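Read off the chains here:
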Amino acid sequence: MEVQGREAIVAAARGWIGTPYRHQASCRGAGCDCLGLLRGIWRELWGREPEAVPAYSRDWSEAAREEALWAAARRHLREKPLRAPEAPGDVVLFRMREGAVAKHLGLQARVGEAASFIHAYSGHGVVESAFTRPWARRVAARFEFPEGVC
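Here's what I pulled together on the structure shown here. (Residues numbered from 1 in each chain as written. Predicted model: local features only at pLDDT ≥ 70, side-chain atom pairs only at ≥ 80, totals over all residues. Heavy atoms only, no water.)

**Brief notes about the layout of surface pockets**
Rules: Both cavities and pockets are sets of points on a 1 Å grid over the protein atoms alone; in a cavity a 1.4 Å probe fits but cannot get out, in a pocket the set is open with protein on both sides within 12 Å along at least five of seven lines, and lining residues sit with an atom within 4 Å of a point. Grid points are joined across faces, edges and corners, and a volume is the space filled by probe spheres set on the points. The numbering of helices and of strands both runs from the N terminus, where a helix is a DSSP run of H or I of at least 4 residues and a strand a run of E of at least 2. Side-chain classes follow a simple rule in which Ala, Val, Leu, Ile, Met, Phe, Trp, Tyr, Cys and Pro form the nonpolar group, Asp, Glu, Lys and Arg form the charged group, and the remainder, Gly included, forms the polar group.
Counted as a void, the largest pocket has a volume near 460 Å³. Together, 23 residues line the largest pocket, and Leu 35, Val 53, Leu 69, Ala 72 and Ala 73 are the ones closest to its centre. Those elements that place two or more of their residues in the lining of the largest pocket are α2 (34–46) and α3 (68–76). With 6 residues, the top contributor of residues to the lining of the largest pocket is α3. In terms of residue class, the lining of the largest pocket is built from 17 nonpolar, 2 polar and 4 charged. Along the wall of the second largest pocket there are 14 residues; nearest its centre are Tyr 21, Arg 58, Lys 103, His 104 and Ser 122. Mapped onto the lining of the second largest pocket, the elements with two or more residues apiece are α2 and β6 (116–121). Grouping the amino acids of the lining of the second largest pocket by side-chain chemistry returns 8 nonpolar, 3 polar and 3 charged.

As structure tokens, then:
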């Protein structure tokens, strides 16, 4: 993906900073969760969302041990090898506890020494956080938006 497209993705994500956390919501300024943030960015840059999102619980299929969020990301994004270089605009999927299903999404904003990512985090809303070692060790998968964005 071109640098210009990646910059537009990060700029769109930064436009959501300060949006309150609201489970299952996707409305900039009013509320969103981590999936809602990515859905909103998709709408801003591509238009209509690629599929309707069914209701989901906060546990994201943990009881069933189902990787529902990962499967959905694979349907619409391009999965990158985990060892591939990180790039601004990458979608990052996190496993919050070892052995648990992957159920948190963020968007890589900066890479390198001052690496950061943007995510909707319960109790904090949409924030840009340092991509610290504790976050890095939780990464389960990394994706790119499809070509033709922006």
